[in-house]
Amino acid sequence: MSDKQVNGCSSAKSSSSHCNGNTTQKPEEAPINGKDVRVWCDGCYDMVHFGHANSLRQAKALGDKVIVGIHTDAEITKHKGPPVFTEEERVKMVKGIKWVDEVVLGAPYVTTLEVLDQNNCDFCVHGDDITMTAEGVDTYHLVKSANRYKEVRRTAGVSTTDLVGRMLLLTRNHFRQGSAEYDIEKEDSAAKSPWTGCSQFLPTTQKIIQFSDGKSPNAGDKIVYVAGAFDLFHVGHLDFLEKASKLGDYLIVGLHTDPVVNSYKGSNYPIMNLHERVLSVLACKFVNEVVIGAPYCVTEELLEHFKIDVVCHGRTPIAMEDGKIDPYAVPKTKAIFELIDSGNEMTTERIVERIISHRLEYERRNQAKEKKEIEAFEALQRQKQTQKAG
């Protein structure tokens, strides 16, 4: 990588410029020694989800500024296989997370003391799972040895590996390898990583509170409302919400229930359940509030309850309720309905298409990653047993 900026963000080799996100400081936390505590986080951030966001939220609680280093496409491909999203898309997604202050593209796969110093960071933060290079080396061994490493709890039940797996299962009955149907369920289901293997995500009110900013609209604020599935929250959603937020002062997002989404998306959609989608949307810096299980039709009661001034929708087709009722009939009648062109062609369906078109490649990547993590976990267990015996 050169030192040039990409999407307004600096290369990891440059220490002088960064991509600014939120800059709000927590008033209850005074800077140490008269300066901000700068926390470094890095990773692939491929298919950014609420688990990534939760890790960054916890990192933010350990300091004043969160600086996120993102690996290039080439670096990811070398160590774990091709990413689903391009580096430009991954940068944009991380910039959209409310707890991120700066983004640096071109972070090395093995975190070094030099990269912390170049970005004026006090220490590095990562989840309590292990990430390794293609050669099986702990990517954080250098900062751990220098005591400039802290761990936060990983969010159980979600990972990029998990989400890719869900999408592969989505069309398992429609995919054919040669003349025979390919069945992903023939894989060894017992070989699951202790860190990123699929497990159930258990939502709590505490988690929602942690993700919410808890702020109500001020008197006189212009309130904007949008609604949808927001499944596999992606750059298309992000660009749409940014445009919507600029139409007013306070943005409310209504999320449809899983059965409602399935009624107009079909197949096995949504890929992420309602609780997962709630956290994904709440992590977006453009969103102020989320309506959980919003009605499909925007009603007079909903408009009045939230004092909504503008209702927006993107350029994607609007499915009629029961095949004949326009869900936006009421705001259209009131002349408060607006169509927004996000300028981004990304959709949830296109993400699934990316995965399916490279199905075997991503399956091999997932299997190799799980095997490596299982071996690392078993090695750790043996090390602990040896220490106890000694």
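Conventions adopted
Residues numbered from 1 in each chain as written. Predicted model: local features only at pLDDT ≥ 70, side-chain atom pairs only at ≥ 80, totals over all residues. Heavy atoms only, no water. UniProt positions renumbered as here; feature names shortened; annotations may be inferred. Helix = DSSP H or I, 4+ residues; strand = E, 2+ residues; numbered from the N terminus. Buried < 20%, exposed > 50% of the residue type's maximum accessible area, 1.4 Å probe, protein only. Contact = heavy atoms within 4.5 Å. Areas by Shrake-Rupley, 256 points an atom, 1.4 Å probe, with all protein chains shown as cover. Pairing = 2+ DSSP bridges. Right-handed = clockwise from strand over helix to strand, strands pointing away. Phe/Tyr/Trp six-rings, centres within 6.5 Å; stacked < 30°, edge-to-face > 60°. Lys NZ or Arg CZ within 6 Å of the ring centre and 35° of its normal. Core = buried A, V, L, I, M, F, W, Y, C linked by side-chain atoms within 4.5 Å. Domains from an automatic or database assignment.

- Under the annotation held in an unreviewed UniProt entry, the protein chain carries the name ethanolamine-phosphate cytidylyltransferase and is attributed to Drosophila guanche.
- Its UniProt record gives the protein chain the following Sequence similarities (unreviewed entry) comment, quoted word for word: "Belongs to the cytidylyltransferase family."

### Points about the overall build of the protein chain
Alright, step 1. Within the protein chain, the secondary structure is distributed over 14 helices and 14 strands.
Alright, step 2. Going through the 390 residues of the protein chain one by one, you find that 49% of them count as buried.
Alright, step 3. Contacts spanning at least 24 positions in sequence make up 79% of the contacts within the protein chain whose residues lie at least 6 apart.
Alright, step 4. Working note: accessible area of the protein chain is about 18,400 Å², and carbon and sulfur atoms make up 50% of it.

### Notes on the pairing of strand S11 (residues 250-255)
On any regular strand, side chains alternate: one points to one face of the sheet, the next to the other face.
Alright, step 1. For S11, the buried fraction is high: 6 of the 6 residues fall into the buried class.
Alright, step 2. Pairing of strand S10 (residues 223-228) with S11 involves 6 bridges; the strand directions are parallel. Pairing of Ala227 across the sheet is with Gly254, part of S11.
Alright, step 3. Each parallel crossover has a hand, and the one from S10 via helix H8 (residues 235-245) to S11 is right-handed.
Alright, step 4. As defined by bridge partners, S11 adjoins strand S12 (residues 289-292) across 4 bridges and the pair is classed as parallel. The residue bridging Leu255 from the neighbouring strand is Ile292, located in S12.

### What about the packing of aromatic side chains?
Alright, step 1. Under the criterion given, the structure shown has 4 aromatic pairs.
Alright, step 2. Ring geometry for Trp99 versus Phe211: centroids 5.2 Å apart, planes at 75°, classification edge-to-face. With Trp99 in the loop between helix H3 (87-95) and strand S5 (102-105) and Phe211 in helix H7 (residues 205-211), this residue pair connects regions lying 112 residues apart in the sequence.
Alright, step 3. If you follow Lys150 out to its NZ or CZ, it ends over the ring of Phe123, 4.2 Å from the centre.
Alright, step 4. Positioned above the aromatic ring of Phe337, the side-chain terminus of Lys332 is 5.2 Å from the ring centre.

### Observations regarding the nonpolar core
Alright, step 1. Met47, Val226, Phe230, Leu241 and Val253 are the most contacted members of the largest nonpolar core, which has 65 residues in total.
Alright, step 2. Taken together, domain 1 (38-152) and domain 2 (211-340) each give at least three residues to this core, which thus spans both.
Alright, step 3. With near-sequence residues (within four places) excluded, Leu241 lies in contact with Val226, Phe230, Phe233, Leu251, Val253, Cys284, Phe286 and Val287.
Alright, step 4. Counting residues in each nonpolar core, the second largest holds 15 residues, with Ala227, Val291, Leu303 and Val311 among its members.

### Brief notes about unusual backbone geometry
Alright, step 1. For the bond running from Tyr269 to Pro270, omega is 0°, close enough to zero to count as cis.
Alright, step 2. In this fold, Pro270 is placed in the loop between helix H9 (258-265) and helix H10 (274-282).
Alright, step 3. Its identity as a non-glycine residue notwithstanding, Asn147 has a phi of 60°, on the positive side.
Alright, step 4. For Asn147, a relative accessible area of 69% translates into the label exposed.
Alright, step 5. Phi at Phe230 is positive, roughly 50°, even though this residue is not glycine.
Alright, step 6. Mapping Phe230 onto the fold places it in the loop between S10 and H8.
Alright, step 7. What makes Phe230 buried here is its relative accessible area of 5%.

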